[in-house]
Amino acid sequence: MNGIQGTKSGRLDSWKEIAAYLGRDVRTAIRWEKERGLPVHRETSGPGRPTVFALVEELDRWMMGHRGESQVESAAESADPAKAPVRPRRVLRAVLYFGLALLVSVGGVFLVRDLIERASDRHLQFARSDFPAAGPMSVGVADFDRDGNLDIVFTNAATNTIDVLFGDGRGEFKRRVSMSSAREPERLAIADMNGDSIPDLAITHRNSHDVSVMLGDGQGGFRESFRWPTKGRSRWVTATDINGDKNPDLVVACSAAQKVLVLLGRGDGTFERGQEYEANGEPSAALVGDFNHDGIPDVMTADYQVAGGTTVSLFAGNGDGSLKPRKWFRTGFGPLAATAADYNGDGFLDVATADFHDGMSVLLATDKGFAPPRTHTVASAPGFVASGDFDGDGKLDIVLVAEHSNDAQIFYGDGLGGFRVQKFDTGGYPDSVAVGDFNKDGRLDFVVGAVYGNMVSVYLNKGPQP
């Protein structure tokens, strides 16, 4: 056991106490949090900066897992004066010089102040609740019973069922319904497909090789209205209007057939005969948005190619639901899922991909398409991504789940296309994630489907109120 004991039942209430317990200086403890995931928490009891604290039990577990690294670093610091702790007088002198340089530019002062404020709120706290499932391949969020509270829907591939957890608006889900589905339901999309203001579902089925539409009844029940063959496994379906008639259409990533399928909606829960487009190998995601800035919806696919792809493909829309031939843009290795949002505030849709082998790639939009990807190293086998503003700073963030390392990660955006990361444990093999405010506190929460863990986990955001 190092240093001092926690003064509040195993709790250390400042960076000074945390550093003393680790046997290091404060600067090293702060760096370990940033670089190595040292388990430090923050809480806000009023205005001002959050209070920093750590739990002795968590620190002990962390030190056991990083013992070798800490010993090597300690020896290096002793041998190399350049790596020794900085003395207070040296710190003060450096701060004074830095402050004088900042005064040269008012804009520089504001920039540094913003960075300091963001660094002080580095990590958010989330409360996790688990619900049993049976191979949940996809999760989604909507108000299915029209009570004003968000509900959660997920596919159970192991039991050929679809379940809905009904939210109470306080972050709890006490009522649940389950309904039969075609064989091995996989991905789902949510939209009002028959114009009755009730959310409906589009679902791909891995073993029956088709996509089905199920219309909601406003009480959490569903009935099938449409089914279309997809010639094998389809890893993704999106439901949105791409031809401007205000009726949701379906865009399906037909992975096994190596096609992109477009089904135009009639507005009654059924769809016109589909048109297919050649994809680049095995498409695993299909997004719809105005990616080329002409005011017409386009389709963007992730070109997984059995984990061997390195591109996304843009199929520009013609405005009538038809698509132009694909143009491709480079990503990391094995893009499996994708999300789109404006991460740098320039008014254009950017794209982030979960790259099964490399991590996460962010492609910032340009006048000519997309800039080369910015790759962020993450844990093992990223499988799904979604976007949202979790820390309430007005800058979009990304939540990602990693299948092999069994964790979720939030990448907090800086508004310029850069990110910092926070990790959370999940159930086994997390394969989907969706976002929403489940307890109506103005803070964005998220839900994860863990396929091998057979659970759906809700993470309630306990960060500062926006």
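Conventions we followed
- Residues numbered from 1 in each chain as written.
- Predicted model: local features only at pLDDT ≥ 70, side-chain atom pairs only at ≥ 80, totals over all residues.
- Heavy atoms only, no water.
- Helix = DSSP H or I, 4+ residues; strand = E, 2+ residues; numbered from the N terminus.
- Buried < 20%, exposed > 50% of the residue type's maximum accessible area, 1.4 Å probe, protein only.
- Contact = heavy atoms within 4.5 Å.
- Phe/Tyr/Trp six-rings, centres within 6.5 Å; stacked < 30°, edge-to-face > 60°.
- Lys NZ or Arg CZ within 6 Å of the ring centre and 35° of its normal.
- Core = buried A, V, L, I, M, F, W, Y, C linked by side-chain atoms within 4.5 Å.
- Pairing = 2+ DSSP bridges.
- Axes fitted to C-alpha atoms, helices over the stretch in contact; angles between N-to-C directions.
- Parallel < 35°, antiparallel > 145°, perpendicular 65-115°, else oblique.
- Nonpolar A, V, L, I, M, F, W, Y, C, P; charged D, E, K, R; others polar.

*Asks:* Explain the side chain of Thr155 to me, using residue names and the numbers behind them.
*Replies:* On the secondary structure map, Thr155 appears in strand 6 (residues 151-156). Note on Thr155: relative accessible area 0%, which makes it buried. Other than its neighbours up to four places away in sequence, Thr155 contacts Gly135, Pro136, Met137, Ser138, Thr161, Pro185, Glu186, Leu188 and Ile203.

*Asks:* Just give me the short version of the packing of aromatic side chains, but keep the residues and values in it.
*Replies:* Under the defined criterion, the tally for this structure stands at 16 aromatic pairs. Feature note: the residues Phe126, Phe390, Phe424, Phe446 and Tyr459 constitute an aromatic cluster, connected by ring pairs. It is Arg11 that lies over the ring of Phe53; its NZ or CZ is 3.9 Å from the centre. Looking at Arg175, its charged tip hangs above the ring of Phe166, at a distance of 3.7 Å from the centre.

*Asks:* Now, about the nonpolar core: what can you tell me, with residues and values included?
*Replies:* By size, the foremost hydrophobic cluster in this structure holds 57 residues, and its most contacted members are Phe126, Phe390, Ile398 and Phe446. Element by element, the count of residues in this core is highest for strand 28 (residues 397-402), at five residues. Ignoring sequence-local partners within four residues, the contact set of Phe390 consists of Leu124, Phe126, Asp397, Val399, Ile410, Tyr412, Val435, Leu444, Asp445, Phe446 and Asn461.

*Asks:* I'd like to hear about the sheet that holds strand 15 (residues 259-263), residue by residue, with values.
*Replies:* Spatially, the four strands line up as an open sheet ordered 13-14-15-16, and their pairing is antiparallel. Here the strands that pair on one side only, and so sit at the sheet edges, are strand 13 (236-240) and strand 16 (275-278). Averaged over all neighbouring strand pairs, the angle between strand axes comes to 20°, with direction disregarded.

*Asks:* Provide a residue-level description of the packing of helix 1 (residues 15-22) against helix 2 (residues 26-36), including the pertinent values.
*Replies:* Between helix 1 and helix 2, whose axes approach to 8 Å, the crossing angle comes to 90°. Between helix 1 and helix 2, the angle falls in the class roughly perpendicular. Between helix 1 and helix 2, the contacting residues are Trp15, Lys16, Ala19 and Leu22 on the first element and Val26, Ala29, Ile30, Trp32 and Glu33 on the second. Residues that form the contact of helix 1 with helix 2 fall into these classes: seven nonpolar, no polar and two charged.

*Asks:* Help me get a handle on the environment of Gly267, residues and values and all.
*Replies:* Assignment of secondary structure puts Gly267 in the loop between strand 15 and strand 16. For Gly267, a relative accessible area of 23% translates into the label partly exposed. In this structure, the C-alpha to C-alpha distance between Gly267 and Gly195, residues 72 residues apart in sequence, is 6.3 Å. The contact partners of Gly267, leaving out residues within four places of it in the chain, are Met193, Asn194, Gly195 and Asn247.

*Asks:* I'd like to hear about the sheet that holds strand 20 (residues 327-330), residue by residue, with values.
*Replies:* The four strands are arranged 17-18-19-20 in an open sheet whose pairing can be described as antiparallel. The open sheet has two edge strands with one neighbour each: strand 17 (283-289) and strand 20. The mean angle between the axes of side-by-side strands here comes to 25°, regardless of whether they run parallel or antiparallel. Across six bridges, the pairing between strand 17 and strand 18 (residues 298-303) is antiparallel. Across the sheet, the residue bridging to Gly289 is Asp298, located in strand 18.

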